[in-house]
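# Working through the structure, step by step
In case you want the letters, here they are:
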Amino acid sequence: MADSSFDIVSKVERQEVDNALNQAAKEISTRYDFKGVDASIAWSGEKIEMRANAEERVKAVLDIFQTKLVKRGISLKALDAGEPQASGKDYKIFASIEEGISQDNAKKVAKIIRDEGPKGVKAQVQGDELRVSSKSRDDLQAVQQLLKGKDLDFAIQFVNYR
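Because the structure is predicted, anything quoted here is derived from the model rather than measured.

## Things to note about the overall build of the protein chain
For the protein chain, the helix and strand inventory stands at 4 helices and 9 strands. Counting from the amino terminus, the protein chain carries its helices and strands in the arrangement β-α-β-β-α-β-β-β-α-β-β-α-β. For a compact globule of 162 residues, the expected C-alpha radius of gyration is about 15 Å, and the protein chain comes in at 20 Å, more than 25% above that figure. Dimensions along the principal axes, computed over C-alpha positions, put the protein chain at roughly 65 × 25 × 25 Å. Taking all 162 residues of the protein chain together, 36% fall into the buried category. Across the protein chain, the fraction of contacts at a sequence separation of at least 24, relative to all contacts at a separation of at least 6, is 62%. For the protein chain, the computed accessible surface area is about 9400 Å², with 46% contributed by carbon and sulfur atoms. Treating the 27 positive side-chain charges of the protein chain as one cloud and the 27 negative ones as another, the clouds have centres 2 Å apart.

## Some remarks on the environment of Tyr-91
Counting through the fold element by element, Tyr-91 comes out in strand β6 (residues 90-97). Along the sequence, Tyr-91 and Ala-52 sit 39 residues apart, while their C-alpha atoms lie 5.5 Å from each other. If we skip the residues at most four places from it in the chain, Tyr-91 touches Met-50, Arg-51, Ala-52, Asn-53, Ala-54, Glu-55, Val-58, Gln-85 and Ala-86.

## Quick notes on the packing of helix α1 (residues 14-30) against helix α2 (residues 55-71)
The interhelical angle for the contact between α1 and α2, taken along N-to-C directions, is 135°, at an axis separation of 9 Å. Taken together, the axes of α1 and α2 lie oblique to each other. Remark: the crossing between α1 and α2 carries right-handed chirality. Residues Val-17, Ala-20, Leu-21, Gln-23, Ala-24, Glu-27 and Ile-28 of α1 touch α2, and the partners they reach there are Val-61, Ile-64, Phe-65, Lys-68 and Leu-69. Grouping the amino acids of the contact of α1 with α2 by side-chain chemistry returns 9 nonpolar, 1 polar and 2 charged.

## Details of the sheet that holds strand β8 (residues 129-134)
Read across the open sheet, the 4 strands follow the order β7-β8-β1-β9; overall the sheet is antiparallel. With one partner strand each, in any of the chains shown, β7 (122-126) and β9 (157-159) form the two edges of the open sheet. The mean inter-strand angle of the sheet, taken between neighbouring strand axes irrespective of direction, is 30°. Relative to β9, strand β1 (residues 4-9) runs antiparallel, the two being bridged by 3 bridges. In the strand pairing of β9, Asp-7 is matched with Val-159. The strands touched by helix α4 (residues 137-149) are β1, β8 and β9; relative to β1, the strand with the most contacts, the crossing angle is about 20°.

## As for the pattern of salt bridges
Side-chain pairs of opposite charge can arise whenever the charged atoms involved come near each other. Overall, the coordinates contain 16 salt bridges when judged by the stated rule. Between Asp-33 and Arg-31 there is a salt bridge whose closest N-O contact spans 2.8 Å. A salt bridge links Arg-51 to Asp-90; the shortest N-O distance between them is 3.4 Å. Highlighted residues: Arg-51 in strand β3 (residues 47-52) and Asp-90 in strand β6, separated in sequence by 39 residues. Among the charged side chains, a salt-bridge network with shared partners connects Glu-27, Arg-31, Asp-33, Arg-57 and Lys-68.

What counts and how
Residues numbered from 1 in each chain as written. Predicted model: local features only at pLDDT ≥ 70, side-chain atom pairs only at ≥ 80, totals over all residues. Heavy atoms only, no water. Helix = DSSP H or I, 4+ residues; strand = E, 2+ residues; numbered from the N terminus. Rg over C-alpha atoms; globule rule 2.2 N^0.38 Å. Buried < 20%, exposed > 50% of the residue type's maximum accessible area, 1.4 Å probe, protein only. Contact = heavy atoms within 4.5 Å. Areas by Shrake-Rupley, 256 points an atom, 1.4 Å probe, with all protein chains shown as cover. Lys, Arg positive; Asp, Glu negative; His and termini not counted. Charge placed at Lys NZ, Arg CZ, Asp CG, Glu CD. Axes fitted to C-alpha atoms, helices over the stretch in contact; angles between N-to-C directions. Parallel < 35°, antiparallel > 145°, perpendicular 65-115°, else oblique. Left-handed = near helix turned anticlockwise from the far one by under 90°. Nonpolar A, V, L, I, M, F, W, Y, C, P; charged D, E, K, R; others polar. Pairing = 2+ DSSP bridges. Salt bridge = Lys/Arg side-chain N within 4 Å of Asp/Glu carboxyl O.

Written out as structure tokens, the structure is:
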């Protein structure tokens, strides 16, 4: 019998992020506490730019955006938001969406699987993802439960289960 396997990836559905951003922009434009503070959120190239005329307001814009991301099923670990920066009269926060598993993080996950996972499970790094294989599907499911229980500092998904 051939080995069963699955891939561990860190991907974000760009359309879902776009939808969350549009929902946040709509809420910001209609909320009473944002009247007259010139608050906005929009794409700026590959980054997301949030701006307002006060530091607390721009943090509130970020909070609204994070709420919308969670409602759309996107992990906040994929959002890399900077600190508020003064820019003239405005304050800005730039955020980016992190995708892919770095080599260091892939090695950490592979080490967790080797050390704590069932015997006979192999993990190999393939670019920005990790392929986990074993003869037993039960072992693969045990690895998934193990990784879900770990507090990793990046978002992971399990795909290509075969």
